[in-house]
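Residue-level listing of the chains:
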Amino acid sequence: MFASLLVAGCKRASALSLRLPSALAQSSPSFVPQRSFGVFSSIKENLANRAEEKKQKTMDEGFKEMLQKLASYDTFSMKEYKEVFIWLSEKSGANGWKSHIPGVGKMEEVKEMKKYVSILNAMTPLQLAKPQTIKSPDRQKLAQDTKLTVEYVNKVLRMYDQQLVMYKWVHMRKQNSKPIPTTVAEMKDMMSRDHSGITMKDMMKLNPQQSRYQSTRQKIRM
């Protein structure tokens, strides 16, 4: 598809240059390249737009699958989160056969996901079943066992909290026979109008920057 666009663009550029009067070409030699470059710039932009559309479509499809997976759970502990996260990491190439493709295993995003997976794998059955039992000493031990920092452990726990909020909201919509969003944009729109199943505190977990901002304002008032 992209190759045919490029061929068509080349033909168009050639036709444009042939139609130019020879006198104009001689008196203004810079005119031809400008027209040609304009055509190729248009092709490049078209290709970039198509690539971005394809990327967005892939992301939307993955997001839709993730929400459907969330809606399928009756409960959502760290155990279920681990299943979802490993499933996502396999789709991204962090786990499974994709991780053996040259170059894929070295991608920064993939490398980060592998670290999070190692933390999830290091958790005990109790920690997976009841993540609220993970205290400071447990976080330090998880960091030590995985040779990562405590901040990585904290980030995994924060991501779980955010995923739990999404689960509660999606689960409630499913129970109420309401449609499940298929894209991030749809979810934001639906969530702005329907807060069923989640609290304001939950909403703050989805937007930690806003939460820190409000916390700072409260401290200033005090």
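Anything mentioned here points back to the structure above.
Residues numbered from 1 in each chain as written. Predicted model: local features only at pLDDT ≥ 70, side-chain atom pairs only at ≥ 80, totals over all residues. Heavy atoms only, no water.

Asker: Tell me what's going on with the overall build of the protein chain, and back it up with residues and numbers.
Answerer: Along the protein chain, the regular secondary structure elements total eleven helices and zero strands. Its helices and strands taken in sequence order, the protein chain reads α-α-α-α-α-α-α-α-α-α-α from the N to the C terminus. Counting across all 222 residues of the protein chain, residues that qualify as buried make up 31%. Counted over contacts in the protein chain with a minimum sequence separation of 6, partners at least 24 positions apart contribute 58%. Per element, the accessible surface of the protein chain, about 14600 Å² overall, is 56% carbon and sulfur. (Helix = DSSP H or I, 4+ residues; strand = E, 2+ residues; numbered from the N terminus. Buried < 20%, exposed > 50% of the residue type's maximum accessible area, 1.4 Å probe, protein only. Contact = heavy atoms within 4.5 Å. Areas by Shrake-Rupley, 256 points an atom, 1.4 Å probe, with all protein chains shown as cover.)

Asker: Just give me the short version of the side chain of glutamate 80, but keep the residues and values in it.
Answerer: Position of glutamate 80 relative to the elements: it lies in helix H4 (residues 78-92). One buried charged residue, glutamate 80, forms no salt bridge at all, with the nearest opposite charge on lysine 79 at 5.4 Å. Within the structure, glutamate 80 has its side chain in polar contact with the side chain of serine 77 (distance 2.6 Å). Sequence-distant contacts of glutamate 80, that is, excluding residues within four places in its chain, are made with Tyr73 and Thr75. (Lys, Arg positive; Asp, Glu negative; His and termini not counted. Salt bridge = Lys/Arg side-chain N within 4 Å of Asp/Glu carboxyl O. Polar contact = N/O pair within 3.5 Å; in protein donor to acceptor, adjacent residues only side chain to side chain.)

Asker: I'd like to hear about the pattern of salt bridges, residue by residue, with values.
Answerer: It is possible for side chains bearing opposite charge to pair when their charged atoms get close. If you walk through the whole model with that rule in mind, you get seven salt bridges. Notably, a salt bridge pairs lysine 168 with aspartate 202, separated by 3.0 Å at the nearest N-O pair. Residue lysine 168 is located in helix H8 (residues 150-175), and its partner aspartate 202 is located in helix H10 (residues 200-206); the two are separated by 34 residues in the primary sequence. Its salt-bridge partner being lysine 178, residue aspartate 194 comes within 3.5 Å of it at the nearest N-O pair. With a gap of 16 residues between them, aspartate 194 in the loop between helix H9 (184-193) and H10 and lysine 178 in the loop between H8 and H9 connect regions that are remote in the sequence. By relative accessible area, aspartate 194 is classed as buried at 10%. In this structure, a network of salt bridges that share partners links the residues Arg173, Lys178 and Asp194.

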